[in-house]
Each structure stands twice: as C-alpha cells, then as structure tokens.
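Secondary and tertiary structure notes
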Amino acid sequence: MAGKYSNTTLDTFIRSQRIKTIAYLQHNFSISKEDCEDIFQDSFIVLYHHAKDGKLDNLTSSISTYFMSICRNKTMELLRKNGKYVHSPFNDPQISSNQFIESNINKILSFDDDEISTEKKETLVRNIVKDLPSPCNELLWGFYRDGLSMKELAKIYGYSNENTAKVTKHRCCDKFKKRFSELLNKLL
C-alpha cells in the first residue's frame, strides 16, 4: 500500500471509529442503524482506496475528520436517493431563484473577460454548479448565489467549523474552475 497508512493502521483506526460514527450518523441524520452501518462500510472502502492511492499523505485535517466528511457525503447521497434530503435553505423556494449575485459571478470566475457576455457567464456558472457533486453544488450555491457566510454553511452542512467548510469550498472552486475552463474553451 502506498503512503503512510498501512492496512494495520487503517484497521486500528476504523475499529476505533465504528461506534462513534454510527452513533453520530443516527443522531444527526435520523437514519436506521443498518443504513449507518452500510454508510460506514462504504466510507471505509473509499478511505482505503484513498490510502492505497496515497491521497491521505498530505491531509490538511485529521484522518478522523476526513473520514467523517466521507461518511457525511455518503449519508447525503443516501438521503437524496431516498427523497429524504435534509432541509436546507437551498430547498426553500423563496431563496432558490437560481439567480446569482452578479459580483459573485465574477468572483467565482476570477476574471472579467469581455469576449463572453454576463448572461452566458451566468448560464455557464448555473449549469456547472448544478452538475457538480455534493457537497460542492450546495456549498457553491449557498456562498455565491445566496450570499451565505462560511459560518452559516458550516452549520447547515454539519462541518466541524468554518475553516473546514472553507477548505471544502476552495476544493470545490478548483473543480468548478477546471470545468468552466473546459467549457469556455469549447465556446470560444
């Protein structure tokens, strides 16, 4: 296995996390113990593959925090699949007009290119964000469209603190910018 996490280290880690993680998921998402156990298993498989690929070697958070974020994402996938999505401001019709704040469109794009109209930029932004996987789509909608603070987003999505949500948003912006660049090159 590549990286600093051996099978033995991961086995020890995962054994220490099982009860705590299942209790956290049951309490915070009100899902069955069986679903929690499935999510735990699926999340461990993801963690194992990330360790095998060396993706855990440069973590900016603890392995426990990283694992818990995988579990939360898997839980959100399950809830969406079952039509039991957790209430968030993005499901509120009063604020989900799909209209971005114009200054925020330019922020997320990090440039002001005259070759493409603001209307086309907004359409691109809306389509890209909509197609990004969770949690990126929710974080970017919330921050750039709805103007929510990182503190509010951290609370809504159960991040341990504002900084964890910021790191995730930064990674999501990188994904967004890569996809935007690909699409822009096709348009120009």
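Residues numbered from 1 in each chain as written. Predicted model: local features only at pLDDT ≥ 70, side-chain atom pairs only at ≥ 80, totals over all residues. Heavy atoms only, no water.

In this section: the overall build of the chain. Scanning the chain from N- to C-terminus turns up eight helices and zero strands. From first element to last, N terminus to C terminus, the chain shows the α and β order α-α-α-α-α-α-α-α. Expressed as a percentage of its 188 residues, the buried residues of the chain come to 40%. The long-range fraction of contacts in the chain, counting pairs at least 24 apart against all pairs at least 6 apart in sequence, stands at 65%. Only carbon and sulfur atoms are counted for the fraction: they give 48% of the accessible area of the chain, which is about 10,900 Å². (Helix = DSSP H or I, 4+ residues; strand = E, 2+ residues; numbered from the N terminus. Buried < 20%, exposed > 50% of the residue type's maximum accessible area, 1.4 Å probe, protein only. Contact = heavy atoms within 4.5 Å. Areas by Shrake-Rupley, 256 points an atom, 1.4 Å probe, with all protein chains shown as cover.)

Secondary-structure assignment places Q17 in helix α1 (residues 7–29). In this structure Q17 comes out as buried when scored by relative accessible area, which is 7%. At a separation of 3.1 Å, a polar atom in the side chain of Q17 contacts the side chain of K20. When near neighbours in sequence (up to four residues on either side) are disregarded, Q17 contacts F40, S64 and F67. (Polar contact = N/O pair within 3.5 Å; in protein donor to acceptor, adjacent residues only side chain to side chain.)

Turning next to the packing of helix α2 (residues 33–52) against helix α3 (residues 63–81). Across the interface, α2 lies against α3 with an axial gap of 9 Å and an inter-helix angle of 125 degrees. In terms of axis orientation, α2 runs oblique to α3. Here α2 and α3 pass one another in a crossing that is right-handed. Across the interface between the two elements, D35, I39, F40, D42, S43, F44, V46, L47 and H50 from α2 touch I63, Y66, F67, I70, C71, K74, T75 and L78 from α3. The residue inventory of the contact of α2 with α3, partitioned by class, reads 11 nonpolar, three polar and three charged. (Axes fitted to C-alpha atoms, helices over the stretch in contact; angles between N-to-C directions. Parallel < 35°, antiparallel > 145°, perpendicular 65-115°, else oblique. Left-handed = near helix turned anticlockwise from the far one by under 90°. Nonpolar A, V, L, I, M, F, W, Y, C, P; charged D, E, K, R; others polar.)

For α3, built from 19 residues, the straight-helix expectation of 27 Å at 1.5 Å per residue is met to within 8% by its first-to-last C-alpha distance of 27 Å. Positioned one or two residues after α3, G83 has a phi angle of 70 degrees, which is positive. (Expected span 1.5 Å × (residues − 1).)

It is worth spelling out the nonpolar core at this point. Judged by nonpolar contacts, the single largest core of 45 residues is most densely connected at L47, L56, I63, F67, L140 and F176. Secondary structure elements with two or more residues in this core: α1, α2, α3, α5 (118–131), α6 (136–145), α7 (150–157) and α8 (162–187). (Core = buried A, V, L, I, M, F, W, Y, C linked by side-chain atoms within 4.5 Å.)

Moving on, we get to the confidence of the model for the chain. Residues of the chain with pLDDT of at least 70 account for 76%, and the chain-wide mean is 76. Averaged pLDDT values over the elements of the chain bottom out at 56 in helix α4 (residues 102–109) and peak at 92 in α2. For the stretch residues 86–99, pLDDT sits under 50, and the model shows 29 contacts to residues farther than four places along the chain or on other chains. (pLDDT = per-residue confidence, 0-100.)

Before going further, it helps to examine the pattern of salt bridges. Overall, the coordinates contain three salt bridges when judged by the stated rule. The shortest N-O distance in the salt bridge between R15 and D11 comes to 3.1 Å. Taken together, the positions of R15 and D11, both in helix α1 and four residues apart, correspond to about one turn of that helix. Salt-bridge contacts for E138 lead to R80; the nearest nitrogen and oxygen are separated by 3.3 Å. In this pair, E138 is assigned in helix α6 and R80 in helix α3, connecting sequence segments 58 residues apart. For E138, a relative accessible area of 7% gives the class buried. The class of R80 is partly exposed, set by a relative accessible area of 32%. (Salt bridge = Lys/Arg side-chain N within 4 Å of Asp/Glu carboxyl O.)

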